[in-house]
Amino acid sequence: MAPATRYASGVSETAASSPLIRRIAHLDMDAFYASCELLRYPQLKGLPVVIGGGRRKEDDLLGKLQAAYPDGDWTEDSFAEKLDRIPVEFFPRIEGYTGRGVITTATYAARQFGIGSAMGLMKAAKLCPQAILLPVDFERYRHFSRSFKSIITDIAPVMQDRGVDEVYIDFTEVPGGQREGGRVLARLIQKSIFDATGLTCSIGVAPNKLIAKMASEFNKPNGISIVHEADLQSLIWPLACRKINGVGPKADEKLKGFGIYTIGELAAREPHWLVEHFGKSYGAWLHEAAWGRDDRPLETESEPVSMSRETTFDRDLHAVRDRAELGAVFTRLCEQVAADLKRKGYEGRTIGIKIRYDNFQAVTRDQSIDGYTHDAQRIRQVAGQCLKRVDLSRRIRLLGVRVGTLVKAGTAPHADKPYIAAEETPYEQADLFFTDD
Ligand SMILES: [Mg+2]
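Residues numbered from 1 in each chain as written. Predicted model: local features only at pLDDT ≥ 70, side-chain atom pairs only at ≥ 80, totals over all residues. Heavy atoms only, no water.

Student: What should I look at first to understand the sheet that holds strand E11 (residues 362-373) in this one?
Tutor: Two strands in a sheet stick together by hydrogen bonds in their backbones, pointing the same way (parallel) or opposite ways (antiparallel). The sheet built from four strands is open, its strands ordered E9-E12-E10-E11 with antiparallel pairing. Whereas interior strands pair on both sides, the edge strands pair on one side only; in this sheet they are strand E9 (306-317) and E11. On average, each strand axis in the sheet is inclined to that of its neighbour by 15°, with strand direction left out of account. Judged from the eleven bridges that link them, strand E10 (residues 346-357) and strand E12 (residues 396-408) form a sheet pairing that is antiparallel. The residue of E12 that forms the bridge with tyrosine 346 is lysine 408. Here helix H14 (residues 280-290) sits on the sheet in contact with E9, E10, E11 and E12, set at roughly 110° to E9. (Pairing = 2+ DSSP bridges. Helix = DSSP H or I, 4+ residues; strand = E, 2+ residues; numbered from the N terminus. Axes fitted to C-alpha atoms, helices over the stretch in contact; angles between N-to-C directions. Contact = heavy atoms within 4.5 Å.)

Right, here's the structure in full:
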């Protein structure tokens, strides 16, 4: 999976002179909603607690307390400060619950009874009637969500939000991000979040987002899992196909119908067979996923990592025999990326290509230039140079062009060395790609 992962890492071909290996973390907070509740009700720690059902009615508890302890200071003002003193027996139980409410989160103690997220509360009531039922309080969870994310970006700035309780983090260039495969940095982040909030999380560190997402589940709760490319067979292939983020229940059923239960069994299928039964794009993706390949960059809210365009051909094309057609597609892809960059106001200095051959093997090459550009001709010229470095004797099913290392247009640090198209190789003569007969 080396070429695909290198492609999106932003680590160029010069990676040979640099030891940086792409390391992506997926961080998932442990039983997040329930853990946020246990912070204010520590007396419930270790007990089965489920979060779900209707809105919070704090005055229910308050009313009960006032009735039970008429002399106690349980006014609304003081109530919030005394949450940790509410006797456990005052909390509502799930027993006898009737209604259509669904569990959003269950504590690990509740999970031991077979209770899980998305389960109906009535079913959970049968499994563990003594479980304590707390209503959801999204405002509180959002508050903790903002806290743990800002702790992460203070340490590792390239983070992709994946919802209220999970994120991807690019460890590649962060100090400590390479040590022990990322374990050192993962430990630091885990400890920093815990020290500041009292919340635990689980982290998987892997060559890409796809594997990292699976790895974060390996040692829950409060775990760290490190997966390297070489671990694909031993750690990933035994897992159920459903563990791949992107294999939903429908696709999983269909795979099972073909006798494919594990990711290893999926990896053993011929790509063409997968395409035949699951369609060109999803079938090809299934194959890539089973082989642990995933070059998606992290999508940070503030700045895009790169912009790219790619196309899958209706039929596999050959660099020599289909030269005109490929050349036209190549030009169009460069123009589209350039237009994307201009529209969004970016320039880039790493220009790359991606090719998938008829046997589904993917290769990528990229090259960094002096200065930054969003010029279609410049992009095509450099991308053409990259294409000279790949095997063009085989048939091609996909071609992609990518521009990375982006800056806001006009803010380029090398603005004193602007690219002037007229001084460079003319566009027509720069047809470097399809000359390797
Ligand atoms: Mg979670």
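There's more to say after this.
Student: Explanation requested: the coordination of the magnesium ion in the structure shown.
Tutor: A four-donor tetrahedral metal ideally has 109.5 degree angles, and a six-donor octahedral metal ideally has angles of 90 or 180 degrees. Looking at the magnesium ion, one finds its protein donor set to be Asp28 (OD), Met29 (O) and Asp165 (OD), positioned 2.2 to 2.5 Å from the metal centre. All donors of the magnesium ion come from a single chain, and their spacing in sequence reads D-M-x135-D. Taken together, the residues span a long stretch of sequence, with methionine 29 in strand E1 (residues 24-29) and aspartate 165 in the loop between strand E5 (159-161) and strand E6 (166-170) at a distance of 136 residues. The exposure class of methionine 29 is buried, given its relative accessible area of 2%. (Donors = N, O, S within 2.8 Å, 3.2 Å for Na, K, Ca; no water. Buried < 20%, exposed > 50% of the residue type's maximum accessible area, 1.4 Å probe, protein only.)

Student: Just checking my understanding: could you explain the nonpolar core for this structure?
Tutor: One recurring pattern in soluble globular proteins is that nonpolar side chains are buried together. Membership of the largest hydrophobic core comes to 46 residues, with the highest contact counts inside it found for Leu27, Phe32, Ile86, Ile152, Ile169, Ile189 and Ile193. The residues touching phenylalanine 32, leaving out its near neighbours within four places in the chain, are Thr105, Tyr141, Phe144, Ser145, Phe148, Val164, Asp165 and Leu199. Core analysis: the next-biggest nonpolar cluster, separate from the first, contains 32 residues, Ala319, Leu341, Val401 and Leu406 among them. (Core = buried A, V, L, I, M, F, W, Y, C linked by side-chain atoms within 4.5 Å.)

Student: How do you make sense of helix H16 (residues 376-387) when you look at a structure like this?
Tutor: Here H16 is twelve residues long and its end C-alpha atoms lie 16 Å apart, about the 16 Å a rise of 1.5 Å per residue gives. When you tally the buried positions in H16, you get ten out of twelve residues, the bulk of the element. The inward-facing, buried residues of H16 abut helix H15 (323-344), E10, E11 and E12. (Expected span 1.5 Å × (residues − 1).)

Student: What is the right way to read the sheet that holds E6 from this model?
Tutor: Taken in spatial order, the five strands line up as E5-E6-E1-E7-E8 in an open sheet, and their pairing is mixed. Strand pairing shows two members of the sheet lacking a second neighbour, E5 and strand E8 (224-226), which therefore form its edges. Averaged over all neighbouring strand pairs, the angle between strand axes comes to 15°, with direction disregarded. Across three bridges, E5 lies against E6 in antiparallel orientation. The residue bridging aspartate 161 from the neighbouring strand is valine 167, located in E6.

Student: Any chance you could explain the environment of valine 275 here in plain terms?
Tutor: Along the chain, the position of valine 275 falls in helix H13 (residues 271-278). Counting along the chain gives twelve residues from valine 275 to histidine 287, while the straight-line C-alpha distance between them is 8.9 Å. In this structure valine 275 touches Lys280, Gly283, Ala284, Phe360 and Arg397, once residues within four positions along its chain are discounted.

Student: I would appreciate a short explanation of the confidence of the model for the protein chain in the present structure.
Tutor: In low-pLDDT regions, the fine details of the predicted coordinates are not to be read closely. On average, the protein chain scores 85 in pLDDT, and the residues at 70 or more come to 87%. When the criterion is pLDDT under 50, residues 1-17 qualifies, and its contacts beyond four places in sequence or with other chains add up to 44 contacts. Every residue in residues 414-437 is under pLDDT 50, and counting partners more than four places away or in other chains gives 39 contacts. (pLDDT = per-residue confidence, 0-100.)

Student: Even after reading the chapter, I still don't get unusual backbone geometry, so can you show me in this structure?
Tutor: Most peptide bonds take the trans configuration, and most residues that are not glycine carry a negative phi. With an omega of -10°, the peptide bond running from lysine 220 to proline 221 counts as cis. Looking at the element boundaries, proline 221 is found in the loop between helix H9 (209-215) and E8. Its identity as a non-glycine residue notwithstanding, asparagine 222 has a phi of 55°, on the positive side. Looking at the element boundaries, asparagine 222 is found in the loop between H9 and E8.

Student: It is not clear to me how the packing of H13 against H14 should be interpreted in this structure. Could you clarify?
Tutor: How two helices sit against one another is set out by the angle between their axes and by the gap between those axes. Packing of H13 against H14 brings their axes to within 7 Å, and their N-to-C directions diverge by 140°. Between H13 and H14, the angle is such that the two are oblique. In this structure, H13 meets H14 at a crossing whose hand is right-handed. Mapping the contact onto sequence places Pro271, Leu274, Val275 and Phe278 in H13 and Lys280, Tyr282, Gly283, Ala284, Leu286 and His287 in H14. Residue classes in the contact of H13 with H14 are distributed as seven nonpolar, two polar and one charged. (Parallel < 35°, antiparallel > 145°, perpendicular 65-115°, else oblique. Left-handed = near helix turned anticlockwise from the far one by under 90°. Nonpolar A, V, L, I, M, F, W, Y, C, P; charged D, E, K, R; others polar.)

Student: I would appreciate a short explanation of the packing of aromatic side chains in the present structure.
Tutor: Aromatic ring pairs are defined here through the distance separating the ring centres and the angle between the ring planes. Applying the stated rule across the entire model yields eleven aromatic pairs. Ring centres 5.0 Å apart and planes at 90° place the aromatic pair tryptophan 237 and tryptophan 291 in the edge-to-face group. In this pair, tryptophan 237 is assigned in the loop between helix H10 (232-236) and helix H11 (249-257) and tryptophan 291 in the loop between H14 and E9, connecting sequence segments 54 residues apart. Judged by centre distance (4.7 Å) and plane angle (80°), the rings of phenylalanine 258 and tryptophan 273 are edge-to-face. Of this pair, phenylalanine 258 sits in the loop between H11 and helix H12 (263-267) while tryptophan 273 sits in helix H13, and the two are 15 residues apart along the sequence. (Phe/Tyr/Trp six-rings, centres within 6.5 Å; stacked < 30°, edge-to-face > 60°.)

Student: What should I look at first to understand the layout of surface pockets in this one?
Tutor: Over the atoms a probe the size of a water molecule is rolled, and this reveals where empty space is left. Roughly 700 Å³ of volume is contained in the largest pocket. Within the residue set of the lining of the largest pocket, elements represented by two or more residues are helix H1 (2-9), H14, E9, E10 and E12. Partitioning the lining of the largest pocket into residue classes produces 14 nonpolar, eight polar and twelve charged. (1 Å grid on protein atoms, 1.4 Å probe; cavity = no way out; pocket = protein on both sides within 12 Å on 5 of 7 lines; lining within 4 Å. Points joined across faces, edges and corners; volume = space filled by probe spheres on them.)

Student: Just checking my understanding: could you explain the packing of helix H7 (residues 138-155) against helix H8 (residues 183-197) for this structure?
Tutor: Where H7 meets H8, the axes come as close as 10 Å, and the angle between the chain directions of the two elements is 140°. Between H7 and H8, the interaxial angle falls into the category oblique. Crossing of H7 over H8 shows right-handed handedness. Contact residues: Phe144, Ser147, Phe148, Ile151, Ile152 and Ile155 in H7; Leu185, Leu188, Ile189, Ser192, Ile193, Ala196 and Thr197 in H8. For the contact of H7 with H8, the residue count by class is ten nonpolar, three polar and no charged.

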